[in-house]
Amino acid sequence: MGDDEDPGVAWRDAYDEILTLVEDPDAVATTIEGPMGTLPFGEMLGSFVAMDILVHTWDLARAIGADDRLDEASVAEAYETMKPLDGAIRQPGFFGPRLEAPPGVDLQTEFLCFLGRSV
């Protein structure tokens, strides 16, 4: 995105491009190199990209003092997807160390602590 590009337009353009790709079975099956290694594009999109957007939604909401509650089903799915990748996401440039979640917290808090977020 250039300095003069409207972020809303850039987001819609990226969304439209991804939507076109996910509707193409060959594109979804194409193997790509990503942050978690080599995976089919569809798997990368469904796991890492969706989780990334979910977590950064929380980050932004917290930063501006907005409601930071995330969709419970999305949190559950992202957490289950990320648990097996625990070692891979701890590499430099991804997520920091996992934080110990306080006893009895909700799933969102547990998930965010797993990703190293202070809640």
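Residues numbered from 1 in each chain as written. Predicted model: local features only at pLDDT ≥ 70, side-chain atom pairs only at ≥ 80, totals over all residues. Heavy atoms only, no water.

**Examining the overall build of the protein**
And then number 1: In terms of helices and strands, the protein carries six helices and two strands.
And then number 2: Here the C-alpha coordinates of the protein stretch approximately 45 × 35 × 30 Å along the principal axes.
And then number 3: By residue count, 26% of the 119 residues in the protein fall in the buried class.
And then number 4: In the protein, the share of contacts with a sequence separation of at least 24, taken over all contacts with a separation of at least 6, comes to 44%.
And then number 5: Here the protein displays about 7600 Å² of accessible surface, and carbon together with sulfur accounts for 56% of that area.
And then number 6: Distance between charge centres in the protein, computed from 7 positive and 24 negative side chains, equals 11 Å. (Helix = DSSP H or I, 4+ residues; strand = E, 2+ residues; numbered from the N terminus. Buried < 20%, exposed > 50% of the residue type's maximum accessible area, 1.4 Å probe, protein only. Contact = heavy atoms within 4.5 Å. Areas by Shrake-Rupley, 256 points an atom, 1.4 Å probe, with all protein chains shown as cover. Lys, Arg positive; Asp, Glu negative; His and termini not counted. Charge placed at Lys NZ, Arg CZ, Asp CG, Glu CD.)

**Here we look at helix α6 (residues 107–114)**
And then number 1: Burial within α6 is extensive, with six of its eight residues counted as buried.
And then number 2: On its buried face, α6 is in contact with α3 (41–64), α4 (72–82) and α5 (86–89).
And then number 3: Note on α6: the residue one or two positions beyond its end, G116, has a positive phi of about 90 degrees.

**Details of the confidence of the model for the protein**
And then number 1: Chain-level pLDDT for the protein is 89 on average; 96% of the residues reach the 70-or-more range.
And then number 2: For the protein, strand β2 (residues 37–40) is the element with the lowest average pLDDT, namely 82, and α6 is the one with the highest, namely 97. (pLDDT = per-residue confidence, 0-100.)

**Quick word on the nonpolar core**
And then number 1: The biggest cluster of nonpolar side chains holds 18 residues, and the ones touching the most others in it are M51, M82, F111 and L115.
And then number 2: Among the elements of the structure, α3, α4 and α6 are those that each provide at least two residues to this core.
And then number 3: For this core, the leading source of residues is α3, giving six residues.
And then number 4: Residues contacting M51, with those up to four places away along its chain left out, are A78, M82, F95, F111 and L115. (Core = buried A, V, L, I, M, F, W, Y, C linked by side-chain atoms within 4.5 Å.)

**Comments concerning a negative patch on the surface**
And then number 1: A surface patch of like charges, here negative, comprises D4, E5, D6, D13, D16 and E17.
And then number 2: The topology assignment puts D6 in the segment before α1 (7–22). (Patch = residues over 30% accessible without salt bridge, like charges linked within 9 Å, V, L, I, M, F, W, Y side chains within 5 Å. Salt bridge = Lys/Arg side-chain N within 4 Å of Asp/Glu carboxyl O.)

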